[in-house]
Every structure is written in C-alpha cells, then in structure tokens.
Amino acid sequence: MTQRVAADEALRVILLGPPGAGKGTQARRVADVYGIPHIATGDIFRSHVRNGTELGQKAEEYMSAGELVPDEVVIAMVRDRLQEEDAATGFVLDGFPRTVPQAQALEGILADLGQPLDCVLRFSIDEEEVVRRITGRRACQDCGRNYHVDFDPPPQGDTCSCGGKAVQRKDDTEDVVRNRLDVYHRQTEPLEFFYWQRGLLRDVDAVGSVEDVTKRALGVLAEYVAPSEARP
Ligand code: AP5
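Just so it is clear, the structure is predicted and the values come from calculations on it, not from any experiment. (Residues numbered from 1 in each chain as written. Predicted model: local features only at pLDDT ≥ 70, side-chain atom pairs only at ≥ 80, totals over all residues. Heavy atoms only, no water.)

## Points about the site of the ligand
Near the ligand, the surroundings consist of 34 residues, among which T25, E67, R98, R137 and R180 are the closest. Within the backbone of G95, one N or O atom sits 2.8 Å away from a nitrogen atom of the ligand. Here the ligand loses 96% of its free accessible area of 1000 Å² to cover by the protein chains. Listing elements by their share of the shell around the ligand, those giving two or more residues are α1 (23-34), α2 (41-51), α6 (127-135) and β6 (146-148). Sort the elements by how many residues they give to the shell around the ligand and α2 lands first, with 4 residues. (Near = heavy atom within 4 Å. Polar contact = N/O pair within 3.5 Å; in protein donor to acceptor, adjacent residues only side chain to side chain. Areas by Shrake-Rupley, 256 points an atom, 1.4 Å probe, with all protein chains shown as cover. Helix = DSSP H or I, 4+ residues; strand = E, 2+ residues; numbered from the N terminus.)

This is the structure in structure tokens:
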C-alpha cells in the first residue's frame, strides 16, 4: 500500500474521535499510504509500561482507570517525538491532543518547528458501537496490531500474524470504556470547537467497513496533499 510523497509535500494531520472510533486502525493505513510516521501517544505509553520505565509506571495508573495522563507529561513526550527526523516530512497524530492545553502546546511546538497543521479528521460514531468495538478488541503484545474478535479476528486463535499473542487491553473492559467515553466528552470534545474555529476540522463517518472508512479519510486528505502516485 505504501506510496511515498515527495519530501517537500508533508502531510500533518490529527485524528480526533472517541475511544474505539478506529483512529489507530485508520492512522496506520494513512501513515502507510503517505509514508509518514504514525504517532500514537497511547502506543508510546503502552510501550513504556511494557518496558517498566519510570514514565510507564507514572502513566499506568491513569491508563488502567481510563483517565488522562497529566498534560505536562504527554506534552513533553510529544515535543521530543516531533523533533525526530522522520517527523520532518509529516505525521499522523493519533490520541494527541486530548485537552485544550495540549492543543495549545502543540500549536507552539509546530510554530517553533515551522510546520503548519493541514487538518484534523474527526471520526464520528455512536457510543454503543464504540463499546462493541472496544470490548472485542485484541491487541498483539509484540507488534501492537489490533484485531477484533468478530470483525477482524487474529489469523489463528489468539496468535497475531507476527507470532505474538493478541490479548485484551486492561482498559478495554466495559466499565473502563464508559469512563473513557465520559472523559472524552468532558476533556477532549472541546477540541472540536477549538479546531473548527481555526478552519481545520473535517468530518469522517467512522461507521462501515475499515476499507470504506479509509476511502473516506483518504478522500479528504487528498484535498491537502495527494500521494504522489495519485497525481496525474
Ligand atoms: P489510546 O490508546 O489513545 O486509546 P483511545 O483514544 O481511547 O483509542 P483506542 O485505541 O481505544 O481506539 P481507536 O480509536 O484507536 O480504535 P481502534 O482503531 O483501536 O489511549 C489509551 C490511554 O492512554 C488513555 O485512556 C490515557 O490514559 C492515555 N493517553 C493516551 N494519549 C493521551 C493524551 N494525549 N493525554 C493524556 N492521556 C493519554 O479500533 C478499536 C476496535 O475496533 C479494534 O478492535 C478494531 O479492530 C475495530 N475496528 C476499527 N475500525 C473498525 C470498523 N470500521 N469496523 C469494525 N471494527 C473496527
């Protein structure tokens, strides 16, 4: 699927939406098509938790309760990540920003780097579908690939295509998901207005097959930067 864009044609996009909207699934596909990094704060935290780092220990308590990790911790982590070389030609941000202070900090970071944001894709989906998607999700412990027990089961029982074990995330139980949704409404939804005011917000209907949602997302993104092979 990879179609790299020319180096001067950076795409910088944020995927916004409730837990389980399919941000991670779609972010991987968009990143692959454009040949840019997929930067997912949840994945970075989970890797720190797995490796038992100090940051992982700090984040784990918030994550397993479905609460947000404090802004200053997340902002410092993203600032470092965006300064890495591979992010110079664009990125797909998944799970960040999640609060207004995080969005304001991101504006400052990108201004310092001289990298304007192209757009923010807001994935819309109803809550019962979110609960169905999340409680059925299984994530590979080794490569992080997500499956769903009904819609996209691992190829062999609970074994990922990479050979790792696909397990349920600790924060994917129904109780924790309902709290994550509540946190989303209170702390993250205000970002819709924040980005709408800046003319950056675009809607993507997140219901339907993974392929259909990808087509919708890529259709919007092509208005900003076309993958090179798609250009006439
Ligand atoms: P994070 O990992 O970012 O979780 P999230 O935003 O809650 O999002 P999810 O990963 O649950 O869902 P998704 O939208 O990516 O859906 P997915 O593609 O997997 O964050 C986890 C925690 O880390 C937070 O609670 C917080 O504690 C902390 N954290 C992270 N970032 C932070 C920040 N910026 N500030 C503070 N704290 C932060 O899909 C879900 C399932 O549905 C999968 O099983 C998938 O296979 C399936 N699926 C996907 N698309 C479809 C489809 N079209 N049809 C059917 N099934 C589908």
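## Concerning the pairing of strand β5 (residues 137-140)
As paired strands, β5 and β6 are joined by 3 bridges and run antiparallel to one another. The residue of β6 that forms the bridge with R137 is H148. Count of turn residues in the β5/β6 antiparallel hairpin: 5 residues, of which G144 carries a positive phi of about 85°. For β5 and strand β7 (residues 166-167), the ladder comprises 2 bridges, and the chain directions are antiparallel. Across the sheet, the residue bridging to C140 is A166, located in β7. (Pairing = 2+ DSSP bridges.)

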